[in-house]
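One letter stands for each residue in the lines below.
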Amino acid sequence: MRLDLHLPYDLAPGWLAPHVDGLREGRAVASRCGACGLVSFPPRRACTCGGRAEDWATLPGTAAVLARTEGRDGAFALVRLDGAATACVAVAHDLPPHAKRARLLAATGERPALVVGPEEAP
Amino acid sequence: MWRRAAAGALREVRLTEVAVAGVGMTRFGRHRNRSFRDLALEAFDAALLMAGLDAGDIDALVLAAESDAFTLQLNPSAVVAGDLGLTGAAALRVEAGGASGGVAVQAAAARILAGLSRRVAVVGVDVTASSLPGDAVRDLYGFSFDAWGEGMTGVTATALYALSWQAWAAREGAGDDDLARVVLKNRANACLNPLAHLPRTQDAAEVASSPLVASPYRRLHCSPLSDGAAAVVLARRADLPLGRRDAPRILGMGAATDLAQPGGRGDMGDFAAKRTAMGRALDMAGLGAGDVEAAEVYDAYAGAEMQALDALGLSADPARELAQGRFGRDGALPINLSGGLLGQGAPPGATGVAQAATCALLVEGQYHEGLQPSRPPRVALADTHGGLCTTATVTLIGRAA
């Protein structure tokens, strides 16, 4: 049996809404722990200290590139945004091969994806 | 013997009373004309026969199946229970990504230990090779991580495992030669496993020239998408026919989780949840890592096997000991005699159940000819995980002391 099922999801980001809205605009919105002040990007609801995220912090959007992978599946990078204590995996868009720095770009597709490009990008 | 478990887990349990009375599995591979229900029934019937039981003896079914997106069957446990002749029995479905089967085995054992059931069938099944195009399955797997984080980037499991391997390899000084050794070892083992998906005699040059998927992982470093099912029947020793009361026992089991966002972990290359799960399983069994004499570990990718051996504490230098042959068929600690996910195949729901089945057969001395060690291992280990070792289970199977 061949069946082509189309599922038009309408998913709510919930508490992540400020972060998701930021990704669409190219702004890096991180969570801040109410107990220890740890800044996490992407946001972390429960902190390693046992506290909860209680505030949002907008980061500059620049990042250190920690690792890269590329091939048939696309190009991705492990990056740590300046001002954040945690790293994240992002789409690497037009990032020069040996770039050590990057910048968050606005997610232009349907999905609110983490995308980074060259640091000097407009 | 009553054993004291890790703090926070079961306090005092008579764990060694839980026997792996019967096991069964289908061939792993592509089954174009068979449904997941056909596969589940074949594996269940084989396990039941080995246990010397009838369907009427089974009072609970634990079904491991990763995603309804593969089968297009929601609430599958009752449907499968009906096919197996278990209508009326308790039934539950377990899902934990690639760890689904491992979690299911532990859920079934816990059910017996709690006195809720006497004889439990665990059936793991998935049809990832035939139900959807490969690219669609890879897209779905991307949501095995945090769907609102990595999932939205479209990153594949292969790319995340590649980044994880890079971190571990940089720390341990490992490289492409080590990856190739894992592939060649496991696929060579699979050549002696008549149920394996990829029985292949490959060489390092072939691995190195296969298409690049996510650097440094190439196609031949990756486990395949497979269809298949596996089953085990667990029961208290006293609830088994006389001929199966000496069946291998579950000696210890542990489970743990890690952050679903791998970039947020302290070390993306460290399978920390596996380390915790192993500690809990060893505590429960009253054993040390050095007591393990064979292991089926979760080698979704070649590097993941070495990362697992490190986290499980089975090797202080996995790459060096791999090169020296310690983990080969005739080595001191054979790893993935079945071929592992790389060789035997990887239907996610079935994987952990098949690992437990393999361990039980090895301990009984009944595994496939050419793969069965001449002296059966006293303790064999089944290691599964889901996500990027986000959910981990370790189950120790052996002879009761």
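Scroll up a little and you will see the structure.
Calculation criteria
By convention here, each chain's residues receive numbers from 1 onward along its written sequence. Chain A is the first chain written and ligand 1 is the first ligand written, with later ones labelled in order. Local features in a predicted model are, by the rule used here, given only for residues with pLDDT of at least 70; side-chain atom pairs are given and counted only at 80 or more, and totals for whole chains, interfaces and linings are based on all residues. Side-chain figures throughout are based on the complete set of non-hydrogen atoms in the structure, without hydrogens or water. The helix and strand labels rest on DSSP assignments: H or I over at least four residues marks a helix, E over at least two residues marks a strand, and numbering proceeds from the N terminus. Think of it in three bands: with a 1.4 Å probe and only protein chains considered, a residue is buried below 20% of the maximum accessible area for its type, exposed above 50%, and partly exposed in between. In what follows, residue pairs with any heavy atoms lying within 4.5 Å of each other are defined as contacts. Here the open area of atoms and residues is found with the Shrake-Rupley method and a 1.4 Å probe, where only the protein chains shown may cover a residue. The charge count includes Lys and Arg as positive and Asp and Glu as negative, but it does not include His or the ends of the chains. Working definition for charges: the position is that of NZ of Lys, CZ of Arg, CG of Asp or CD of Glu. Between N-to-C directions, angles cover 0 to 180 degrees, with each direction set by a line fitted to C-alpha atoms, over the stretch in contact for helices. To sort the angles, those under 35 degrees are grouped as roughly parallel, those over 145 as roughly antiparallel, those from 65 to 115 as roughly perpendicular, and the leftovers as oblique. Asp, Glu, Lys and Arg are counted as charged, while Ala, Val, Leu, Ile, Met, Phe, Trp, Tyr, Cys and Pro are counted as nonpolar; the rest, among them Gly, fall into the polar class. Think of it this way: DSSP has to see at least two bridges between two strands before they count as a pair. For any pair of crossing helices, the crossing counts as left-handed if the nearer helix is rotated counterclockwise from the farther one by less than a right angle, and right-handed if it is rotated clockwise. The set of buried Ala, Val, Leu, Ile, Met, Phe, Trp, Tyr and Cys residues whose side-chain atoms join them within 4.5 Å is what this entry labels a nonpolar core. A quick way to say it: buried area is the sum, across both parts, of accessible area lost when two parts are put together, with a 1.4 Å probe. Salt-bridge detection follows one rule: a side-chain nitrogen of Lys or Arg within 4 Å of a carboxyl oxygen of Asp or Glu. Polar contacts, as counted here, are pairs of nitrogen or oxygen atoms within 3.5 Å of one another; within protein the pair requires one atom able to donate a hydrogen and one able to accept it, and residues that are adjacent in sequence qualify only if both atoms are side-chain atoms.

I'm lost on the overall build of chain A in this one. Help?
Each helix and strand counted, chain A has one helix and eight strands in total. Listed by position from the N terminus, the elements making up chain A come as α-β-β-β-β-β-β-β-β. When the backbone C-alpha atoms are referred to their principal axes, chain A occupies close to 55 × 35 × 25 Å. Buried positions account for 45% of the 122 residues belonging to chain A. Put simply, of all contacts in chain A between residues at least 6 apart along the chain, 45% involve residues at least 24 apart. Carbon and sulfur atoms make up 52% of the accessible area of chain A, which totals about 6,800 Å². Taken together, the 14 basic and 13 acidic charged side chains of chain A have centroids lying 6 Å from each other.

Just checking my understanding: could you explain the packing of helix α8 (residues 176-190) of chain B against helix α11 (residues 302-312) of chain B for this structure?
The relative placement of two packed helices comes down to the angle between their axes together with the axis-to-axis distance. Residues and elements named next belong to chain B. Close contact between α8 and α11 brings their axes to 8 Å; oriented N to C, the two are set at 95°. With respect to their mutual orientation, α8 and α11 come out roughly perpendicular. In contact with D178, L179, V182, V183, K185 and N186 of α8, α11 contributes A302, G303, E305 and M306. Grouping the constituent residues of the contact of α8 with α11 by class yields five nonpolar, two polar and three charged.

What exactly am I supposed to notice about the sheet that holds strand β8 (residues 115-118) of chain A here?
Consider a sheet: its strands pair through backbone hydrogen bonds, and that pairing is either parallel or antiparallel. Here we have five strands rolled up into a closed barrel, ordered β4-β5-β6-β8-β7 (chain A), and mixed in their pairing. The sheet shows a mean angle of 55° between the axes of neighbouring strands, direction not considered. The pairing of strand β4 (residues 62-71) of chain A with strand β5 (residues 74-81) of chain A spans eight bridges and is classified as antiparallel. Along β5(A), the bridge assignment pairs T69(A) with F76(A). The sheet strands contacting helix α7 (residues 157-172) of chain B are β4, β5 and β6 (88-92) of chain A, and the helix crosses β4(A) at an angle near 110°.

How do you make sense of the packing of helix α10 (residues 272-285) of chain B against α11(B) when you look at a structure like this?
Residues and elements named next belong to chain B. For the pair α10 and α11, interaxial distance at closest approach is 8 Å and the crossing angle is 45°. Relative to α11, α10 is oriented oblique. The crossing of α10 and α11 is right-handed. Each of K274, R275 and M278 in α10 lies in contact with α11, whose residues at this interface are A308, D310, A311 and L312. Here the residues of the contact of α10 with α11 sort into four nonpolar, no polar and three charged.

Could you clarify how one ought to interpret unusual backbone geometry in this entry?
Negative phi is the rule for most residues except glycine; trans is the rule for most peptide bonds. With omega at 0°, the peptide bond leading from F41(A) into P42(A) counts as cis. Inspection of the secondary structure assignment puts P42(A) in the loop between β2 (39-40) and β3 (53-59). Each neighbour pair has its own omega, and for S215(B) with P216(B) the value is 5°, a cis peptide bond. Even without a glycine there, the phi angle at D94(A) is positive, about 55°. Within the fold, D94(A) resides in the loop between β6 and β7 (101-105).

Can you help me understand the sheet that holds strand β1 (residues 28-33) of chain A in this one?
Residue and element names in this part refer to chain A. A sheet is described by the order of its strands in space; here three strands give the open sequence β2-β1-β3, paired in antiparallel fashion. Unpaired on one side and paired on the other, β2 and β3 mark the two borders of the sheet. Relative to β2, β1 runs antiparallel, the two sharing two bridges. Of the residues in β2, the one forming a bridge with R32 is V39.

In this structure, what is going on with the pairing of strand β4 (residues 60-64) of chain B? I would like to understand it.
The two faces of the sheet receive side chains in turn, since in a regular strand these alternate between them. All names here are of chain B. With five of five residues buried, β4 is to be regarded as a mostly interior element. Where β4 and strand β5 (residues 90-94) come together, five bridges link them in parallel fashion. Residue pairing across strands places V62 opposite L92, the latter belonging to β5. Looking at chain direction, β4 and strand β6 (residues 119-127) are connected through five bridges and run parallel. Within β6, the position partnered with A64 by the bridge is G124.

It is not clear to me how the nonpolar core should be interpreted in this structure. Could you clarify?
It is characteristic of soluble globular proteins that their nonpolar side chains tend to be buried jointly. Residues and elements named next belong to chain B. Among the nonpolar cores identified, the biggest contains 69 residues, and Y161, M278, V292, L314 and L396 are the most heavily contacted of them. Here this core gets nine residues from one element, more than from any other, and that element is α7. Discounting residues that sit within four places of it in the chain, M278 has contacts with A289, V292, L312, L314, L381 and V394. Membership of the second largest hydrophobic core comes to 40 residues, among which are M25, V62, V122 and L361.

Even after reading the chapter, I still don't get the interface of chain A and chain B, so can you show me in this structure?
One frequently used descriptor of interface size is the decrease in accessible area upon assembly of the parts. Between chain A and chain B, the residue contacts involve 27 residues of the former and 25 residues of the latter. For the pairing of chain A and chain B, the buried interface totals around 2,200 Å² over both sides, and the portion due to carbon and sulfur atoms is 65%. It is D73(A), V89(A) and R111(A) in chain A that bury the most area against chain B; as a group they hold 25% of the surface buried on that side. Viewed at the interface, chain B and chain A are joined by zero salt bridges. Applying the counting criterion to the chain A and chain B interface returns 10 residue pairs in polar contact (both at pLDDT 80 or more). Looking at the side of chain A that touches chain B, the elements with two or more residues in it are β4, β5 and β6 of chain A. It is β4(A) that contributes the most residues to the side of chain A that touches chain B, five residues altogether. Tallied by class, residues from the side of chain A that touches chain B come to 18 nonpolar, three polar and six charged.

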